[in-house]
Amino acid sequence: MRKIDKKFRPIPEKLKDCFQERQENLLKKEELHQFDSQCYNSSIKEDLKKLYHNKCAFCESKLNEIPNDSYQFTVEHFRPKKGTNSYFWLGYEWSNLMPSCQKCNGKKDDNFRLPNKRKKQKLPLKTENGQKIIDLERCRADGEELLAENPFLLHPELENPMDFLAFDINKLGYFIENIQNKRAKYTIDLCQLNRSDLWEKRKKIYDNFLTELKDKLVELVEIYGADYTEKELKFGFHSIFKKMYFGAIEEQTEYCSFRLFLIENFEILFLEKIEADEMKDILSEAFVLFLNDVEIN
Ligand SMILES: [Zn+2]
């Protein structure tokens, strides 16, 4: 999960139009109101795609346009619009909408836990021209009432989820709690962030890099023995390190938080996996040279 910088106001014009056209029906039907996906797709899909780099807000998987695929791009509600925990009044609220894959959203639907149910916001109304309408300012995720709910689910537009989440160094690909925190555990469980297809994909990123580095070491030693120069060392590993490094810092890459964890733990995760001391030294030297280059540029 990545922190996303979204400006909550002004509300995108087209979304505002969708809401205004439907507000009367929404207030009449409440959670039975028909929320049509077409309205979201035509109003904010492109904005969300851009903001989230076409990735799921929870699992960082790339989203696609294949109908009924588990990873089809879908506009989802952070606070549920239906069910027993419904916040139907947030159905068209910009700060409540984010892209999610079907898998992360599957269990999420009605499941939205608060530490204190009594703090749950009630339908925020105000009167304008003698008519009761939804008070949009009280619908903002960063508004006083909604912040005071302090929900368990981490909100990627309000906080940096990686302040709460971490990766397990012993069980590669698995999310754990960064700090003993109920919210981190709840988010991992609710969005099933450790489901098998996900941790396998993350683990594979690591396995592939380790294999590439090992192969390159063997190749280098075969060609140069101990007589390699700094230039050969830099050149030899450059493309692999570049892929590792920029994949970690560029938000459009899938699972970049996991990639960053690999770079930050290079010594334990890569150097310590190389058996021959001589090769370990070569890899360590090459990595330092690469980092120096990156820092200079
Ligand atoms: Zn997802």
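The coordinates are above.
A brief structural summary.

Quick notes on the rules
Residue positions are given per chain, counted from 1 along the sequence in the order it is written. A pLDDT threshold of at least 70 governs which residues receive local features in this predicted model, and a stricter bar of 80 or more applies before side-chain atom pairs are shown or counted, although totals over entire chains, interfaces and linings include all residues. In computing side-chain properties, one takes all heavy atoms of the structure into account and sets aside hydrogens as well as water. Distances decide who is a donor: an N, O or S atom must be within 2.8 Å of the metal, or within 3.2 Å for Na, K and Ca. Water is not included, so sites may look incomplete. The helix and strand labels rest on DSSP assignments: H or I over at least four residues marks a helix, E over at least two residues marks a strand, and numbering proceeds from the N terminus. Partly exposed describes any residue whose relative accessible area lies between the buried limit of under 20% and the exposed limit of over 50%, with all areas from a 1.4 Å probe on protein chains only and scaled to the type maximum. A positive count includes Lys and Arg, and a negative count includes Asp and Glu. His and the chain ends are not counted in either. Basic side-chain nitrogens of Lys or Arg form a salt bridge, by our definition, when they fall within 4 Å of a carboxyl oxygen of Asp or Glu. We call two residues in contact whenever any of their non-hydrogen atoms come within 4.5 Å of each other. Each pair of aromatic rings taken from Phe, Tyr and Trp, with Trp reduced to its six-membered ring, is defined by centres within 6.5 Å and is described as stacked if the planes are under 30 degrees apart, edge-to-face if over 60, and tilted in the remaining cases. Pairs of strands are assigned from DSSP output, requiring at least two bridges between the strands. Residues enter patches when their relative accessible area tops 30% and they take part in no salt bridge; the joining distance is 9 Å for like charges and 5 Å for the nonpolar side chains Val, Leu, Ile, Met, Phe, Trp and Tyr. Note on areas: these come from Shrake-Rupley sampling with a 1.4 Å probe, and a residue is covered only by the protein chains present in the view. We put the charge of a Lys on NZ, of an Arg on CZ, of an Asp on CG and of a Glu on CD.

Re the coordination of the zinc ion
Logical step 1: Only Cys56 (SG), Cys59 (SG), Cys101 (SG) and Cys104 (SG) from the protein reach the zinc ion as donors, at distances of 2.3 to 2.4 Å.
Logical step 2: Each donor residue of the zinc ion lies on one chain, and together they are spaced C-x2-C-x41-C-x2-C. Here the residue Cys56 occupies a position in the loop between helix H3 (45-51) and strand S1 (74-77), and Cys101 occupies one in the loop between strand S2 (97-100) and helix H4 (102-106), the gap between them amounting to 45 residues. You'll find Cys56 and Cys101 in the same group, each marked buried.

Regarding the side chain of Asp135
Logical step 1: Its location among the elements puts Asp135 in the loop between strand S4 (131-134) and helix H5 (144-149).
Logical step 2: With no salt bridge to any partner, buried Asp135 finds its closest opposite charge in Arg138, at an N-O distance of 4.2 Å.

A closer look at helix H6 (residues 182-190)
Logical step 1: Within H6, the full set of buried residues consists of Arg183, Ala184, Tyr186, Thr187, Ile188 and Leu190.
Logical step 2: Looking at the buried residues of H6, the elements they touch are H4, strand S5 (165-167) and strand S6 (175-177).
Logical step 3: Where H6 ends, the next residue or the one after it, Gln192, has phi of about 50°, a positive value.

Here's the deal with the pattern of salt bridges
Logical step 1: For the structure on display, the rule yields 23 salt bridges.
Logical step 2: Its salt-bridge partner being Asp189, residue Lys185 comes within 2.9 Å of it at the nearest N-O pair. Of this pair, Lys185 and Asp189 both sit in helix H6, four residues apart, which is roughly one turn of the helix.
Logical step 3: What emerges from the salt-bridge pattern is a single network uniting Arg9, Glu93, Glu137, Arg140 and Asp142.

Focus: the packing of aromatic side chains
Logical step 1: On inspection of all chains with the given rule, the structure shows 22 aromatic pairs.
Logical step 2: Between Phe241 and Phe266, the aromatic rings sit 5.8 Å apart at their centres with planes inclined by 70°, giving edge-to-face as the arrangement. Within this pair, whereas Phe241 is found in helix H8 (residues 230-249), its partner Phe266 is found in helix H10 (residues 266-269), the two being separated by 25 residues in sequence. No difference in accessibility class separates Phe241 from Phe266, as the two residues are buried.
Logical step 3: Seen in terms of ring centroids, Tyr245 and Phe290 are 5.9 Å apart; in terms of plane orientation they differ by 75°. Their pairing is edge-to-face. Placement of Tyr245 in helix H8 and of Phe290 in helix H11 (residues 277-296) is noted, with a sequence separation of 45 residues between them. When sorted by exposure, Tyr245 lands in the same class as Phe290, which is buried.

Here's the deal with the pairing of S2
Logical step 1: Here S2 shows two buried faces, one formed by Leu97 and Pro99 and the other by Met98 and Ser100.
Logical step 2: Where S1 and S2 come together, four bridges link them in antiparallel fashion. Residue pairing for S2: Thr74 is matched across the bridge by Ser100.

Re a negative patch on the surface
Logical step 1: A cluster of acidic residues, Glu230, Asp277, Glu278, Asp281 and Glu285, forms a negative patch on the protein surface.
Logical step 2: Looking at the negative patch, the element that brings in the most residues is H11, giving four residues.
Logical step 3: Among the structural elements, Asp277 can be located in helix H11.
Logical step 4: On the basis of relative accessible area, Asp277 is assigned to the exposed category, the value being 55%.

In short, the description is geometric, and any link to function would need to be established separately.
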